[in-house]
Amino acid sequence: DEVNQHIYIADLENSRIQVVSFEGEFLKRFGQDILKAPWGIAVTEDNIFVTDIDLHALLQFRKKDCKLVRRTVTEGAGEGQLAVPRGLCSDYNGDVYVAEYRNNRVSVFSKQLQFMKCLGTQQLRSPLDVKVTRNSVVILDGSPNCIHFYSRSGDLLN
């Protein structure tokens, strides 16, 4: 978070998120009563999104007070369901992209965590992380150790 000069750390072993300054000074921790195995973090202007690989969930925390706002609720392979969500990111609209290791896809949610679409359902084997650029979605796929490029609309580019 460059605006506030905070670094958010997914503390998998202690089931929480830790926040430190750019200088490394501890500032706060949160989520320890909610999270089981936090993995990925995406910070937007107003929110902190966290994936949890044990809960199979995407959780949204309010940035100003670190309170839980909402979360996805069911594990599975259906639309809006997650299975072993790993890396995530948000785009300029605030939409959230989640790499799902077990479902072999990237699920896209609105900033209110409404399911929007899936990417890579035919090509991905073990997606670990995802990043969004102005023109494309870049997905790190762990099983074949490769990177896939998709258009923002979901078409495979490579």
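Residues numbered from 1 in each chain as written. Predicted model: local features only at pLDDT ≥ 70, side-chain atom pairs only at ≥ 80, totals over all residues. Heavy atoms only, no water.

Q: Is there a simple way to explain the overall build of the chain in this structure?
A: Check the secondary structure of the chain and you find zero helices and 14 strands. Counting from the amino terminus, the chain carries its helices and strands in the arrangement β-β-β-β-β-β-β-β-β-β-β-β-β-β. Rg of the C-alpha trace for the chain: 15 Å, near the compact-globule value of 15 Å for 158 residues, within the 12% margin. When its C-alpha atoms are laid out on the principal axes, the chain stretches across 40 × 30 × 30 Å. Out of the 158 residues in the chain, the part that is buried amounts to 49%. For the chain, the proportion of contacts with a sequence separation of at least 24, taken over those separated by at least 6, is 32%. When the accessible surface of the chain is split by element, carbon and sulfur atoms take 44% of a total near 8200 Å². Side-chain charges of the chain comprise 19 positive and 20 negative groups, with the mean position of each set lying 3 Å from the other. (Helix = DSSP H or I, 4+ residues; strand = E, 2+ residues; numbered from the N terminus. Rg over C-alpha atoms; globule rule 2.2 N^0.38 Å. Buried < 20%, exposed > 50% of the residue type's maximum accessible area, 1.4 Å probe, protein only. Contact = heavy atoms within 4.5 Å. Areas by Shrake-Rupley, 256 points an atom, 1.4 Å probe, with all protein chains shown as cover. Lys, Arg positive; Asp, Glu negative; His and termini not counted. Charge placed at Lys NZ, Arg CZ, Asp CG, Glu CD.)

Q: Explain the sheet that holds strand β9 (residues 96-100) here, please?
A: Within the open sheet, the four strands sit side by side as β8-β9-β10-β11. Their pairing is antiparallel. Whereas interior strands pair on both sides, the edge strands pair on one side only; in this sheet they are β8 (85-90) and β11 (115-119). Across the sheet, the axes of successive neighbouring strands diverge by a mean angle of 20°, strand direction being ignored. (Pairing = 2+ DSSP bridges. Axes fitted to C-alpha atoms, helices over the stretch in contact; angles between N-to-C directions.)

Q: Looking at this model, I keep getting lost on the sheet that holds strand β1 (residues 6-11). Mind explaining?
A: Strand pairs in the sheet, formed through backbone hydrogen bonds, run parallel or antiparallel to each other. Strand order across the open sheet formed by three strands is β1-β2-β3, with antiparallel pairing between neighbours. At either margin of the open sheet sits one strand with a lone partner, and together these are β1 and β3 (26-30). Adjacent strand axes in the sheet meet at a mean angle of 20° when their direction is disregarded. Pairing geometry for strand β2 (residues 16-21) and β3, over four bridges, is antiparallel. Looking at the pairing, V20 lines up with F26 of β3.

Q: What should I look at first to understand the pattern of salt bridges in this one?
A: Close approach of charged atoms lets side chains of opposite charge pair. For the structure shown, the criterion picks out six salt bridges. Ionic pairing is found between R152 and D91, a salt bridge with its closest N-O pair at 2.8 Å. Of this pair, R152 sits in the segment after β14 (146-151) while D91 is found in the loop between β8 and β9, placing the two residues 61 residues apart along the sequence. One salt bridge connects E100 with R105, and the closest N-O pair in it is separated by 2.6 Å. Each member of the pair, E100 together with R105, is buried. (Salt bridge = Lys/Arg side-chain N within 4 Å of Asp/Glu carboxyl O.)

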